[in-house]
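Structural features, examined
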Amino acid sequence: MIRLSDASKLALTKVKTRKIRLVVTTVIAGLLLSGLSAASFVMRGAFSSVQSFSKEGLGERYIVQAVTQGALDSQSNPELNKRAVAIHQELVARKKAEAKRLGIEYDAATDPPPVEEILGSIPKQTFLNPEHPAARQALKENLAIHPLPGRADLEKLAAPYQANGYYQKKSLILGQSNPILKVMKDGKEPLEQDNTQQQFGPPIGTDSFTQSWSLISQDMLKPFTLPDSSYAVGEDGSLPVLAPYSAVEQLLGLKPLSSNAKPPERLERIKAVRAGAPNLKFQVCQRNSASLELVNSAVRVQQEIEQNKNNKEYQRPSLQYGLPKDPCGAVPIIRDVRTPEEKTLADKQEQFDSLFGTEAPAQSIVSFRVIGVLPEPPAFGASVVTGLVSSLVGSSLGYQSYWFTPIELEESTPALKQNFSGDINMMNPYENSPFVEFPSADLAKQFIDKENCNPDFGNISISTGSVGAPGDDPFAECAKQGKVFQLIPYGSNSLALESVKNGFGKFFRVAALVVAIIAAIIMIGTVGRIIADSRRETAVFRAIGAKKFDIAQIYVLYTIILSVLICLFAVVVGYGLSQFIEGRYASEFTLQALVAYNAQDLTKTFKLFAFHGPDMIYLLGLTLFAGLISALFPLLRNLRRNPIRDMRDEN
Amino acid sequence: MNVASPTAKAREFLNAFDNNLELAQQALADVAAENVSQNADSYKVAEDAPVVIRLEDVSKTYKLGKQKVNALKEVSLTIQQGEFVAITGASGSGKSTLLQLIGGLDKPTKGLVSVDGKKLAKLSDRKLSIFRNKTVGFVFQFFYLQPFLRLQTNLEVPGMFARERRGVRVARTKELAVAVGLEDRLRHMPKELSGGQMQRAAIARALLNNPKVILADEPTGNLDSVNGRGIIDLFDKIRHDFGTTVIVVTHDAKVASRADREIVMKDGERLQV
């Protein structure tokens, strides 16, 4: 057998023949593989950065939200619907009787039924309106008999998985009977919705307060809390709150940066927001629906008068409310020219309303103190990069702009008790679900894999009074197995990222295999040509004593050299590509990661480049494999040839 | 009036110098060849020299499509060690086939081919390769030097297949380069050599592993008469210096006349001359 060094010497002579073909093959196959090497550099860099950033926020905590099914599921219960209708009918009957007694008019049509028909549905379908008072009453009664799974059930379920923490969250319920909270700007109550901030998507900034003020366990707030902040109610009565970034920016009077703002400018803004946030105070005006209705009426009438100032036939209402004189004050009557009969009728109506639960107008100011800044999802229309980083990485306490106050303060703080101790949130069971924390990703995964309820929605329609057969319950199977929660990773994508990482590894291997097959096809052309061109030389080598194995060794080495060249080209081009991506996007990613993870250390950078040896070895191995496959058939053919004929043919 | 610049004059001088140098080198080569020729004339093979090649009733039939071509018909011959034998004949007479059978590149359809006591028909492909590497040395009409290797490395190639150590190979190539008059060309690439030099290099390559037999297929067919004569002189010198048996297939009567013996082939048969 020829020595390796000598075989290499002879193999190198092959590299010098057919140079153009060699270069073209190297470039084409190399470009194919360069995509993979670039993907490896960029993704491994990103993973490594994510790992570094995930030490921030909830990134290294493995929290699972346990969503209960019961509240929504109750809607498909025909008995519940019947009960809601009965409560409603009873109420309407009482209202009719009371109206008759008081001598006022009452139209039952102003009170819609709790079960409504879905317009256009064939066959006819109905749904129970969970906002309807009768529906709420029926649900309450139902829940008293069949309580929803709660924290105790979760603790029982999670104990075998070494769970080390249980948390709770409560959200404000948006309903007719619940107060509306508006953040006051410059000491004034915004009397109209400010639509200038964002045209699409959920409200951001201070406008998001009413929809997203929540209570959550203090332990979950810790990573987002500013240093030296207290979770206690302040001496001035201010409630501690963690506010979304955009709201703090607004409260600090900073004009939002344009979407084209450069990363350094945005980083400076983050620093400014962080610097201004500690103990930033603001007030919220809280009005119940009756008070809000009076404000709205005052605004509406004022606009009407303005519009009709030149209309001589316009008559102002006999009872006119004015805008509050004090911030968040009561709505004053500024004109009352009602007749005694009208006044009597109004008094009776008030008596009637109060009997049936309509509250008297009430308003108050609640003071807050910022103790943390929460990252929030990118605004509608944000760049792809921003969206990508925020969805892939990041650590937050919610999927929109959230305001959080420690739930531990609820019992001792009337303002919290009043707002949060109402009905359960039937529209969104996610909001009041308990959480459980695990010490490791593996335990959290095991818990989800084994205890998660994966409801089968394939057999159910939106539900109705008529639907409700046991077979239609999407959670019935889960209930049988004792799986009473839908389990969702919460707070960060640490679990999902583990899967993404593993998924990328698998993707990389499969993609590399596919590319290697294509590369092998491309290489067959060149290797085959080189071997065919060298038939005469092979014959001469055979004549001067080369064994078939020696010849095979020379061409195998040639193929290895070609493969290494292709791989080197791929790595160099991939490196260039990854450096381009790093240069183009790294600063943007860094910024988004700083925000998404709420990083305390603002000097951290998000790299989009990392060298991952195993990927490169795999790539080289596959390229070698592709090369050897490409050489196999031409070489076998070549070795079977008669050297005499080859020498003659070429003459 | 045109006055030549100093640069042009220098270039003219250098060109003239180059031409003269080439002429001088050619003259020296011719003198060397003449000396070789004079030395060779004095070499005689001993009558009792051992038989190194023996062919007994060797036939070779090729299939050409559905036709059978009898390339050789019951050829018998013996060649002694140190003999210089010319195989001549018209194209298609079977002389190259005869050479390939002796060189172990092909096997006879019938009969016995024995070289250096080895019966080639019985050897495996691997053993035949070793035989070709160690016992015989091939010289081809078109030289077949590797164009991307320096002459030094080109000469080493048979040693590579013999797993000869590099140090031994280098020493041997230097020795052979002196023998064939190419000691100053070892660092050159084949394209930098003349036809005669390339063929001398091919002969040196064939000699690397000290073969007992040199088999040359039309070695002068691609050379002018001066270089052709030089190559034949070189063969003569080789058998004189190394005792190597030389078998040359040739069309050239002048080459044949220089051999100890001429074997004439016609239609696959050996003519008795």
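On a predicted model such as this, the values are computed, not experimentally measured, just so you know. (Residues numbered from 1 in each chain as written. Chains lettered and ligands numbered in written order. Predicted model: local features only at pLDDT ≥ 70, side-chain atom pairs only at ≥ 80, totals over all residues.)

1. Let's talk about the overall build of chain A
Heads up, the condition is: Secondary structure elements follow DSSP: runs of H or I no shorter than four residues count as helices, runs of E no shorter than two count as strands, and numbering proceeds from the N terminus. A residue is called partly exposed when the number of other C-beta atoms within 10 Å of its own lies between 12 and 20, exposed at 12 or fewer, and buried at 20 or more, with C-beta atoms placed from the backbone. Each residue is represented by a C-beta atom placed from its backbone, and any two residues with such atoms within 7 Å are regarded as in contact.
Each helix and strand in chain A was counted, giving 21 helices and 15 strands. For chain A, buried positions account for 39% of its 651 residues. The long-range fraction of contacts in chain A, counting pairs at least 24 apart against all pairs at least 6 apart in sequence, stands at 83%.

2. Quick look at the overall build of chain B
Broken down by element type, chain B carries eight helices and 10 strands. Classification of the 273 residues of chain B by burial places 44% in the buried group. Long-range pairs, those at least 24 residues apart, make up 74% of the contacts in chain B with a sequence separation of at least 6.

3. A look at the environment of Ala39(A)
Residues and elements named next belong to chain A. As for its position among the elements, Ala39 is in helix α2 (residues 19-53). We classify Ala39 as buried; it has 20 C-beta atoms within 10 Å. Between the C-alpha atom of Ala39 and that of Tyr575, which follows or precedes it by 536 residues, the distance is 9.6 Å.

4. Quick look at the nonpolar core
The condition is simple: Here, a nonpolar core denotes buried Ala, Val, Leu, Ile, Met, Phe, Trp, Tyr and Cys residues that are linked to one another through C-beta atoms within 7 Å.
Counting residues in each nonpolar core, the largest one holds 178 residues, and the members touching the most others are Ala202(B) and Ile247(B). Top element by residues in this core is helix α19 (residues 548-596) of chain A. It accounts for 17 residues. Leave out the neighbours within four places in its chain, and Ala202(B) touches Val139(B), Phe140(B), Phe143(B), Tyr144(B) and Leu145(B). With eight residues, the next largest nonpolar core counts Leu80(A), Val115(A), Ala138(A) and Leu139(A) among its residues.

5. Considerations on the sheet that holds strand β1 (residues 62-68) of chain A
All names here are of chain A. We apply this condition: Note on pairing: two strands pair once DSSP finds at least 2 bridges between them. Axes, fitted as lines to C-alpha atoms, cover a helix only where it is in contact. Angles between the N-to-C directions of the axes lie from 0 to 180 degrees.
Pairing within the open sheet is antiparallel, and its four strands lie in the order β4-β14-β1-β15. Of all the strands in the sheet, just β4 (165-167) and β15 (485-490) have a single pairing partner and so form its edges. Within this sheet the neighbouring strands show an average axis-to-axis angle of 25 degrees, counted without direction. Summarising the sheet, β1 and strand β14 (residues 435-438) pair through four bridges and their orientation is antiparallel. Across the sheet, residue Tyr62 finds its bridge partner in β14, namely Phe438. Across the sheet, helix α6 (residues 151-158) touches β1, β4, β14 and β15, and the angle it forms with β4 is around 155 degrees. Lying on the sheet, helix α15 (residues 441-451) is in contact with β1, β14 and β15; it crosses β1 at an angle near 20 degrees.

6. Section: the interface of chain A and chain B
Between chain A and chain B, the contact holds 18 residues from the first and 23 residues from the second. Secondary structure elements with two or more residues in the side of chain A that touches chain B: α1 (4-15), α18 (535-543), α19 and α21 (643-650) of chain A.

7. Quick word on helix α7 (residues 225-242) of chain B
Rules: By this rule, a helix spans an expected 1.5 Å times one less than how many residues it contains.
Look at α7(B): 25 Å from first C-alpha to last across 18 residues, which is about the 26 Å you get at 1.5 Å a residue. The buried fraction of α7(B) is high, at 13 of 18 residues.

8. Details of the confidence of the model for chain A
Residues and elements named next belong to chain A. Test applied: A residue's pLDDT is the confidence the predictor assigns to it, expressed on a 0 to 100 scale.
Averaged over all residues, the pLDDT of chain A equals 82, while 85% of them reach at least 70. Taken together, the stretch residues 194-198 has pLDDT below 50 and engages in eight contacts with residues farther than four places along the chain or on a different chain. Here residues 460-471 is modelled with pLDDT under 50, and outside its nearest four sequence neighbours on either side it reaches 25 contacts, counting other chains as well.

9. Examining helix α12 (residues 340-355) of chain A
Compared with the 22 Å implied by 1.5 Å per residue over 16 residues, the 23 Å span of α12(A) between its first and last C-alpha is a close match. Two residues or fewer after α12(A) comes Gly357(A), characterised by a positive phi angle close to 95 degrees.

10. Some points on unusual backbone geometry
Residues and elements named next belong to chain A. Of note, Asn279 is a non-glycine position whose phi angle comes to about 60 degrees, a positive value. Assignment of secondary structure puts Asn279 in the loop between α10 (263-276) and β9 (281-287). In this structure, Cys328 takes a positive phi of about 60 degrees despite not being glycine. Looking at the secondary structure, you find Cys328 in the loop between β10 (319-321) and β11 (333-336).

11. Points about the sheet that holds strand β8 (residues 245-249) of chain B
Residue and element names in this part refer to chain B. Ordered by their spatial adjacency, six strands build an open sheet running β6-β7-β8-β3-β9-β10, and the pairing between neighbours is mixed. Looking along the sheet, the strands with just one partner apiece sit at the ends: β6 (136-139) and β10 (269-271). Recorded for the sheet is a direction-independent mean angle of 25 degrees between the axes of neighbouring strands. Strand direction decides the pairing type here: β6 and strand β7 (residues 213-217), joined by four bridges, are parallel. Bridging across to β7, Gly137 finds its partner in Ile214. Each of β3 (84-89), β7 and β8 is contacted by α7, which is oriented at about 160 degrees to β8, the strand it contacts most.

12. What about the packing of helix α6 (residues 195-207) of chain B against α7(B)?
Residue and element names in this part refer to chain B. Worth spelling out the cut-off: Should an angle fall under 35 degrees it is taken as roughly parallel, and over 145 as roughly antiparallel, whereas 65 to 115 is taken as roughly perpendicular and any remaining angle as oblique. It is the rotation of the near helix from the far one that decides the hand of a crossing: anticlockwise by less than a right angle makes it left-handed, clockwise makes it right-handed. Under this grouping Gly is polar, as are all residues other than the nonpolar Ala, Val, Leu, Ile, Met, Phe, Trp, Tyr, Cys and Pro and the charged Asp, Glu, Lys and Arg.
Look at α6 against α7: their axes get within 9 Å of each other, and the N-to-C directions meet at 20 degrees. Comparing the axis directions of α6 and α7 gives the class roughly parallel. Crossing angle aside, the handedness with which α6 passes α7 is right-handed. Note on element contacts: α7 touches α6 through Asn227, Gly230, Ile231, Leu234 and Ile238, opposite Gly195, Gly196, Gln199, Arg200, Ile203 and Leu207. Taken together, the residues of the contact of α6 with α7 break down into five nonpolar, five polar and one charged.

13. A few points about the packing of α2(A) against helix α20 (residues 613-640) of chain A
Residue and element names in this part refer to chain A. Where α2 meets α20, the closest approach of the two axes is 10 Å, and the angle between their N-to-C directions is 170 degrees. Here α2 lies roughly antiparallel to α20, going by the angle between them. When you trace α2 past α20, the crossing you get is right-handed. Residue-level inspection shows Leu33, Leu36, Ser37, Ser40 and Arg44 of α2 in contact with α20, the latter providing Asp615, Leu619 and Thr623. Its residues assigned to classes, the contact of α2 with α20 comprises three nonpolar, three polar and two charged.

14. Here's the deal with the confidence of the model for chain B
Residue and element names in this part refer to chain B. A residue-level look at chain B finds 84% of positions with pLDDT of 70 or above and a mean pLDDT of 85. Low confidence marks residues 31-40, where pLDDT is under 50. Its contacts with residues over four positions away, or in another chain, come to 15 contacts. Scored as a whole, the predicted complex attains pTM 0.63, and scored at its interfaces, ipTM 0.82.

15. Digging into the environment of Leu409(A)
Residues and elements named next belong to chain A. Looking at where Leu409 falls in the secondary structure, it is placed in the loop between β13 (403-406) and α14 (414-420). Along the backbone, Leu409 and Ile216 are 193 residues apart, and their C-alpha atoms lie at a distance of 9.9 Å. Residues contacting Leu409, with those up to four places away along its chain left out, are Val233 and Leu416.

16. Re the environment of Val246(B)
All names here are of chain B. For Val246, the position within the fold is in strand β8. The class of Val246 is buried, set by 27 C-beta atoms lying within 10 Å. Through-space distance from the C-alpha of Val246 to that of Ala259 is 9.0 Å; in sequence the pair is 13 residues apart. If we skip the residues at most four places from it in the chain, Val246 touches Phe84, Ile214, Ala216, Phe235, Ile238 and Arg239.

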